[in-house]
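Residue strings, one per chain:
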Amino acid sequence: MGEAGTNKLRIFDWKRRLIATNTLPSPATDVIVDGDHVLVLESGILDPNDQPAGSLVQFDFAGGDSLRFSKVLIDSLIRPVSAAAFDFEKNGVKEFLICEFGNNRGRLALYKYDGSRYEPQVLDPSPGAIHFEIRDMTGDGAPDITALFTQGDERIILFENDGKGHFGARKRVLARFPPVYGSMYFSLHDFTGDGKLDILYVNGDNYDYSRILKPYHGIRILENDGQNNFHERYFFPIYGAARAEVADFNKDGRLDILTTSNFADFQKHPERGIMYFENTGRYQFRPYSFSIASTNQWNLTAVGDFNKDGWPDVLIGAMDLGNVDSVVGKGRL
């Protein structure tokens, strides 16, 4: 668990016992567990900036579950927020795909090892890269990259793999949204059962210039027509929507949705900071809210069978942006 206000990276067991604590130079924004190593994406500076101060750092397990600094794998990252390791070229060497959100400048880049260091292949040089998925979208057996950009030109882009692990020659915009939407997240799922991946899109960033309740915040399902053309088939308004997890939570064979919100209607419906949508079929969802959600702002999520009872559970992170802002942002987030 990363703490933005303290630069702490903490490790807990599943009984919520604290095992280890590391203090980092800057807030962690992503973690990759790689065998005996833990790779930590460090933001450099958390609040909006264009300085190449971020890095991907390797830690080794130093007995038990404590971590020991090993080396910096990649430096000079522009406010990185998300990363993954993947062997696109199938040569036994993993590349790193990193969203460098930045502010006025940024990029989505694929870092490839040249024998001495990781060199970037910039897939898109614009700011606002926030999330991606690595899936075969074209049906040719090669994993493609689908990425969400926000920060002005809000869009979802498909970067097609040429079959040899190279990208950039073929890319297309799958969806584009107004800059005031505040894109936060997306994920790919087959909601219709036709074998084609649809898009669940989440928008609700409300910590920018117009901090009012926005009726166009929420979750949307964009259906794939089979040719990677997407059309909105479902929308549910959620003020300040931040994240969504998709799984068959009630085991009825249909994909359900669980959402979080950083900016719920705290005056009238703070319980909608966490919501569950039961899929009843044909793009019909029955919404539920949680009274416990009224106590905080909710953001990151993770799904897993944590207690090993065969049912998917959800881990949800909370973040009081006012407190974080006072510590690291000084009103500039």
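Reading the values: the criteria
Residues numbered from 1 in each chain as written. Predicted model: local features only at pLDDT ≥ 70, side-chain atom pairs only at ≥ 80, totals over all residues. Heavy atoms only, no water. Helix = DSSP H or I, 4+ residues; strand = E, 2+ residues; numbered from the N terminus. Rg over C-alpha atoms; globule rule 2.2 N^0.38 Å. Buried < 20%, exposed > 50% of the residue type's maximum accessible area, 1.4 Å probe, protein only. Salt bridge = Lys/Arg side-chain N within 4 Å of Asp/Glu carboxyl O. Core = buried A, V, L, I, M, F, W, Y, C linked by side-chain atoms within 4.5 Å. Contact = heavy atoms within 4.5 Å. Phe/Tyr/Trp six-rings, centres within 6.5 Å; stacked < 30°, edge-to-face > 60°. Polar contact = N/O pair within 3.5 Å; in protein donor to acceptor, adjacent residues only side chain to side chain. Pairing = 2+ DSSP bridges.

When you go through the protein residue by residue, the secondary structure sums to one helix and 25 strands. Expected size for 333 residues packed as a compact globule is a radius of gyration near 20 Å; at 20 Å, the protein falls within 12% of this value. Considering only C-alpha atoms, the protein reaches an extent of 55 × 45 × 45 Å along its principal axes. Buried residues in the protein amount to 48% of all 333 residues.

Attention now moves to the pattern of salt bridges. Throughout the structure, instances matching the rule amount to 16 salt bridges. The closest approach of N and O atoms between Arg10 and Glu3, which form a salt bridge, is 2.6 Å. For Lys112, the salt bridge is made with Glu89, and the minimal N-O distance between the two is 2.9 Å. Of the two residues, Lys112 is situated in strand S10 (residues 107-113) and Glu89 in the loop between strand S8 (80-86) and strand S9 (95-100); the sequence distance between them amounts to 23 residues.

Time to look at the nonpolar core. Within the largest apolar cluster, 18 residues are counted, with the highest numbers of intra-cluster contacts made by Leu200, Ile219, Ile221, Ile257 and Phe277. Looking at this core, the elements with two or more residues in it are strand S16 (183-189), strand S17 (198-203), strand S18 (218-224), strand S20 (241-247) and strand S22 (274-281). Per-element accounting of this core gives the leading share, four residues, to S20. With sequence-adjacent residues up to four places away left out, Leu200 is seen in contact with Tyr185, Phe186, Ser187, His189, Phe191, Ile219, Arg220, Ile221, Ala244, Val246 and Ile257. Membership of the second largest hydrophobic core comes to 17 residues, among which are Ile156, Leu174, Phe177 and Tyr201.

Quick look at the packing of aromatic side chains now. All told, the structure shown has 14 aromatic pairs when counted by the stated rule. Consider the rings of Tyr181 and Tyr216, whose centres lie 5.2 Å apart with planes at 10 degrees: the pair is stacked. Of this pair, Tyr181 sits in the loop between strand S15 (171-177) and S16 while Tyr216 is found in the loop between S17 and S18, placing the two residues 35 residues apart along the sequence. A relative accessible area of 16% means that Tyr181 is categorised as buried. For the pair Tyr234 and Phe285, a centre-to-centre distance of 4.8 Å together with 50 degrees between the ring planes defines the contact as tilted. A residue pair is termed long-range when its members are at least 10 positions apart, and Tyr234 in strand S19 (residues 230-237) and Phe285 in strand S23 (residues 284-289) qualify at 51 residues. Tyr234 gets classed as buried once you look at its relative accessible area, which sits at 11%. Residue classification places Phe285 among the buried residues on the basis of a relative accessible area of 11%. Put simply, the rings of Phe177, Tyr181, Tyr201 and Tyr216 pair up and form one aromatic cluster.

Take the side chain of Ser183 next. You can see Ser183 is positioned in strand S16. Its relative accessible area of 1% is what places Ser183 among the buried residues. Within the local environment of Ser183, its side chain forms a polar contact with the side chain of Glu154, the two groups lying 2.5 Å apart. Among the polar contacts listed, one links the side chain of Ser183 to the side chain of Tyr201, at a separation of 2.6 Å. Once residues lying within four places of it in the same chain are set aside, the contact partners of Ser183 are Ile130, Leu148, Thr150, Glu154, Phe177, Tyr201, Val202 and Asn203.

Bringing the pairing of strand S14 (residues 154-159) into the picture now. With six of its six residues buried, S14 lies for the most part within the structure. Two strands pair when backbone bridges link them, and strand S13 (residues 144-149) and S14 are joined in this way by five bridges, in the antiparallel orientation. Of the residues in S14, the one forming a bridge with Ala147 is Ile157. Between S13 and S14, which pair antiparallel one after the other, the connecting turn spans four residues, and Gln151 there sits at a positive phi close to 70 degrees. Across six bridges, the pairing between S14 and S15 is antiparallel. Note on S15: the bridge partner recorded for Ile157 is Val173.

A positive phi angle, near 70 degrees, is found at Arg16, a position not held by glycine. Tracing the sequence through the fold places Arg16 in the loop between strand S2 (8-12) and strand S3 (18-23). Backbone geometry at Lys90 places phi at a positive 55 degrees, although glycine is not the residue there. By secondary structure assignment, the location of Lys90 is in the loop between S8 and S9. Judged by its relative accessible area of 66%, Lys90 falls in the exposed class.

Just geometry here; none of it tells us what the structure is for.
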